[in-house]
Amino acid sequence: MALNTWQFFLLAICAVLVIPVARGWFRVAVFLALNGAFVWSYWGLAATPVAVGYCLTGYVCARLARGRGTGALVASLTLLTAIFVYLRGYTSGPSVAPGAAGLVAVAGLSFLFFKMIHVVVDTASGSIEELSLRHYLNYCLNFTTVLMGPIQRYQDFAAQWEGGLPEAGHSFEVHMDAANRVLRGLLKAFVLAPFVAPYVLRPGLPIESLGGGELLLKTYAFYVFLYLDFSGYCDIMIGIACLMGFRLPENFQFPFLSRNVSAYWLRVHRSLTLWLTDYIFTPAYRFALQARGLGAYGFLALAASLLLTMLVAGVWHGTTLNFVVFGLIHGVALVLVRGYEQVMTRWLGRARFRRFEETPYVAVAATLLTYNFTSLAYAFFVLDVGEGVRLFERLAVTAVRFAL
Amino acid sequence: MTDTRRIALKLLWMAALIGMLVLFGQVRHVFIYQAF
Amino acid sequence: MSSSIRRSDNGLRSRLAVVACVGALLVSVHLVLEGAARFAERRLGAFLWKQQDYLRLFSAENYVGKGAGRLLIYGPSESREGLLPEEIERAVPGFKPYQHSQSIGTLEDGLLVLEYIERAYGRSAIPDALLLGITTRFIGDIRVQPSPLQQGINLYSPHFRVEGDGHPPALVDRSRFELVGARFALLGLQPDRYRRGILAIAGRAATQVVPTLSAQRWTWEPAVPAKYLMGKWNTEAATKKWLTTPGNFWDKVHAWDPERDRERVTHELRLLLDYTARHHVQLYVVNMPELSWNRDLYLPGRYESYLSLVKEALGTTPFLDLRTFLANADFWDDAHPVWPAGIRVSRRVGEFIAEHRPDRTTPTPGRNP
């Protein structure tokens with residue numbers, strides 16, 4: 001059910017009015033029923049049992065991985081990853097299983113996968129002390145996070161489910177702010193985004209016959225469209241969750257004001273960035289620092305970890321080669337930003353470097369540069385590699401002509 | 001700003017958002033034909 | 001609301017209050033926008049359903065009490081572009097022309113519209129005069145898709161639904177349950193009407209403040225039914241190709257045998273004449289202009305057969321044949337005249353109505369040409 005339909009409106013009203021007052025098993029059952037209805041409308045008859053089965057596999061893996069050492073953990077993660085790759089139908093690598101991609105279309109599969117990895121790892125490490133099936137299922141299928149995040153942590157979900165928000169979270173004004181947030185999200189996703197949609201980059205665009213300026217504007221417009229669409233969805237879901245008495249992690253914070261790619265990833269899809277930091281970057285960096293050769297050069301270890309993290313981010317976003325390129329572009333950019341920060345800190349000293357970054361013209365230039373970079377990188381979100389390369393060639397030719 | 005005034009302004013903002021959604025929202029409806 | 005209000009343990013009251021606020025504001029916004037749309041329709045005479053023109057049928061304010069002095073213009077889209085109310089009004093003062101033509105409409109649809117107006121809105125909605133702009137497709141009831149009017153009535157009408165295969169089909173009263181569903185469905189279509197209503201009001205307000213703005217198309221175009229076409233849809237070759245493309249309605253039109261359809265056409269036109277006689281509605285019929293490339297494509301004798309059938313069935317009703325009135329350069333596409341040509345057609349039709357209009361003190365149905 002799309003978010004602008006009366007069916008979703010009724011489901012949300014039901015959730016908002018019933019979940020906060022219900023208690024015990026009734027509350028669990030009602031929430032599970034609402035989540036089930038929501039995911040059924042997207043997954044349908046074929047995919048729902050597959051997706052729920054996958055969730056339960058994650059639960060079993062988490063229980064088995066607890067207290068059984070690294071081997072069990074690695075086996076669990078490998079199993080979950082293999083099933084994910086099979087269901088997703090990756091085409092950017094060697095063929096995993098013919099026909100897999102069309103078997104079941106599970107919207108939100110990537111988010112489910114990351115949620116389960118988090119639960120398995122944290123259960124194995126003891127960070128999740130108690131893993132209950134009823135919390136776990138509602139956590140995975142939570143209609144406010146299942147489709148496109150935010151990627152909430154299990155501990156946060158369970159604690160809020162048991163304890164709820166402090167009383168300040170129940171005032172009329174807080175609820176009105178939440179309702180306004182939902183309306184704002186609807187405006188972004190169903191008024192502003194469709195307004196921008198006709199002007200964005202699309203696959204199959206006649207790149208050669210369009211002017212460089214027009215192509216650049218379409219590229220900018222795509223970033224704006226993506227932001228409106230995704231942040232609009234997040235606003236709707238975060239607002240509804242707040243009305244239900246839950247606080248979801250924030251995903252967006254004025255991304256257009258990012259001054260470098262590193263800050264960008266903390267302002268865009270923030271919950272994903274934090275997940276990647278905790279489960280890919282930090283373990284990889286720790287491992288790299290201890291590795292022979294790489295560990296001797298701290299920056300190399302950092303660079304390798306960043307590249308690996310962004311490669312995972314790219315591949316997670318999509319099943320084709322262009323997403324790999326997207327991830328690598330961002331990985332390289334992050335490495336360059338870190339390198340630049342290290343060089344400038346060594347040259348100017350930390351305090352002077354901070355002051356230098358805060359000067360208005362540097363801040364503006366950095367913001368513009370970051371905006372242009374992130375817009376251009378998004379070209380590989382929507383175009384395939386060949387089209388993307390042709391786009392950049394065209395833009396480069398136009399830039400050279402303009403400069404001359 | 002008093003509570004009442006603040007809440008009144010927020011209600012006004014809510015009305016404006018609803019108005020924009022009603023007027024410009026991409027509501028699904030049946031288009032029987034493209035007129036000509 | 002100050003902090004002196006007690007908060008419940010779980011905030012249910014405040015949630016209910018917020019949901020109630022959203023609901024109340026939604027209703028209020030709809031009421032305000034509906035008010036603006038009705039103001040535009042009633043006071044400014046605006047036409048707010050440009051894309052789905054049959055939807056106007058479901059708004060009482062377009063009909064109730066508006067029949068006196070009204071010249072209802074009906075026909076297909078050719079009639080919408082070729083019979084411009086403002087030009088006809090100039091030629092026939094005292095009449096208030098109301099453009100009710102409908103894209104891909106047919107005579108069957110026209111009969112449904114007249115019955116609908118009578119049954120849903122009463123005697124005061126029945127127009128004093130009816131101007132029918134006809135084409136072969138209109139009279140031949142030739143379609144390549146189901147009637148949008150009939151589908152629209154079934155989906156959105158708060159009064160009736162269409163039943164049966166008769167010519168025309170029957171209008172059956174809706175049950176209460178159906179009525180609620182139809183009202184909600186129609187509500188979902190209102191945003192388009194609200195937007196045009198606001199544009200119509202804004203356009204009028206702008207011209208009051210800066211009179212020269214009345215020449216700007218945006219101040220008046222959203223609130224009128226015609227599209228006021230200019231230029232050309234396509235090249236001559238492409239238009240000719242379209243006229244002969246198999247599967248579109250033109251080959252059915254060119255091959256239509258009016259003699260085979262005599263019974264139905266005569267029956268429908270008789271129903272029309274009965275209606276106009278019963279309600280003392282003056283009837284004027286105009287055969288709309290056609291491209292010469294189109295004229296050349298009819299099977300031999302078919303067009304003449306259509307004309308004679310229609311004239312025979314209409315009897316003494318004033319009839320104006322404008323088939324050859326326009327040159328090919330006057331058409332935007334295969335059927336619709338451009339704006340300047342529409343003006344010329346409208347002026348000619350206005351003169352025609354003025355010539356045949358009965359004395360106002362003794363209104364009678366149409367007389368001999």
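Structure first, text after, so check above.
All values derive from a computational prediction rather than experimental measurement.

Chemist: Any chance you could explain the environment of Ala179(A) here in plain terms?
Modeler: For Ala179(A), the position within the fold is in helix α8 (residues 172-196). With 104 residues separating them in the primary sequence, Ala179(A) and Ala75(A) have C-alpha atoms 44 Å apart. Contact partners of Ala179(A), with chain neighbours within four places excluded, come to Leu243(A), Met14(B), Val18(C) and Val22(C).

Chemist: Would you explain the sheet that holds strand β6 (residues 282-287) of chain C in this entry?
Modeler: Working definition: the strands of a sheet are paired by backbone hydrogen bonds and lie parallel or antiparallel to each other. Residue and element names in this part refer to chain C. Overall, parallel pairing links the five strands, which are arranged β2-β1-β3-β6-β7 in an open sheet. Two strands lie at the open edges of the sheet, namely β2 (96-99) and β7 (319-321), each paired on one side alone. If you compare each strand with its neighbour and ignore which way they point, the axes differ by 20° on average. Relative to β7, β6 is paired through three bridges, and the arrangement is parallel. If you follow Asn287 over to β7, its bridge partner there is Asp321. Here helix α15 (residues 339-356) sits on the sheet in contact with β1 (70-74), β3 (129-134), β6 and β7, set at roughly 145° to β6.

Chemist: What's the story with the nonpolar core in this structure? I'm lost.
Modeler: Inside soluble globular proteins, nonpolar side chains tend to come together where they are buried. Residues Ile19(A), Phe38(A), Tyr136(A), Phe143(A), Ile240(A) and Met244(A) are the most contacted members of the largest nonpolar core, which totals 139 residues. Considering each element in turn, this core owes the most residues, 17 residues, to helix α9 (residues 212-244) of chain A. Beyond its immediate stretch of four places on either side in the chain, Ile19(A) contacts Cys14(A), Arg27(A), Val30(A), Phe31(A), Leu34(A), Trp161(A), Met244(A) and Phe246(A). Counting 81 residues, the second-largest nonpolar core is a separate cluster that includes Leu171(C), Leu189(C), Leu320(C) and Ile353(C).

Chemist: Whenever I open this one, the pattern of salt bridges confuses me. Can you help?
Modeler: Once their charged atoms are close, side chains differing in charge can pair, the charge on each being opposite to the other. Residues and elements named next belong to chain C. Scanning the model with the defined rule gives 38 salt bridges over all chains in all. We note a salt bridge from Glu34 to Arg193, for which the minimum N-O separation is 2.9 Å. One end of the pair, Glu34, is in helix α1 (residues 12-42); the other, Arg193, is in helix α8 (residues 190-209), with 159 residues separating them in the sequence. Take Glu34: its relative accessible area is 17%, and that puts it in the buried class.

Chemist: How should unusual backbone geometry be read in this particular structure?
Modeler: One can expect most non-glycine residues to show negative phi and most peptide bonds to be in trans. Residue Pro150(A) is reached from Gly149(A) by a cis peptide bond, and omega for that bond is 0°. For Pro150(A), the location among the structural elements is in the loop between α6 (133-141) and α7 (154-163). The peptide bond linking His167(C) to Pro168(C) adopts the cis configuration, its omega dihedral lying at 0°. Looking at the secondary structure, you find Pro168(C) in the loop between β4 (160-163) and β5 (170-173). Non-glycine residue Asp141(C) carries a positive phi angle of around 55°. Considering the arrangement of structural elements, one finds Asp141(C) in the loop between α5 (136-140) and α6 (148-156). One non-glycine residue, His280(C), adopts positive backbone phi at about 55°. The topology assignment puts His280(C) in the loop between α12 (262-278) and β6.

The rules behind each value
For every chain, the first residue of its written sequence is number 1, and the numbers climb from 1 along that sequence. As they are written, the chains are lettered A onward and the ligands numbered 1 onward, keeping that order. Totals for whole chains, interfaces and linings use every residue, but because this is a predicted model, local features are given only for residues with pLDDT of at least 70 and side-chain atom pairs only at 80 or more, for both listing and counting. Hydrogens and water are ignored here; the side-chain numbers use all heavy atoms of the structure. A run of H or I in DSSP counts as a helix once it spans at least four residues, and a run of E counts as a strand once it spans at least two, with each numbered from the N terminus. We call two residues in contact whenever any of their non-hydrogen atoms come within 4.5 Å of each other. Between any two strands, at least two bridges found by DSSP are needed for them to pair. Axes here refer to lines fitted to C-alpha atoms; in helices the fit is confined to the stretch in contact. Angles between the N-to-C directions go from 0 to 180 degrees. Definition used in this section: a nonpolar core is a set of buried Ala, Val, Leu, Ile, Met, Phe, Trp, Tyr and Cys residues joined via side-chain atoms within 4.5 Å. For the exposure calls, accessible area comes from a 1.4 Å probe over protein chains only, and a residue counts as buried if that area is under 20% of its type's maximum, exposed if over 50%, partly exposed in between. Put simply, a salt bridge is a Lys or Arg side-chain nitrogen that is within 4 Å of an Asp or Glu carboxyl oxygen.

Any link to function would need more than the numbers given here.
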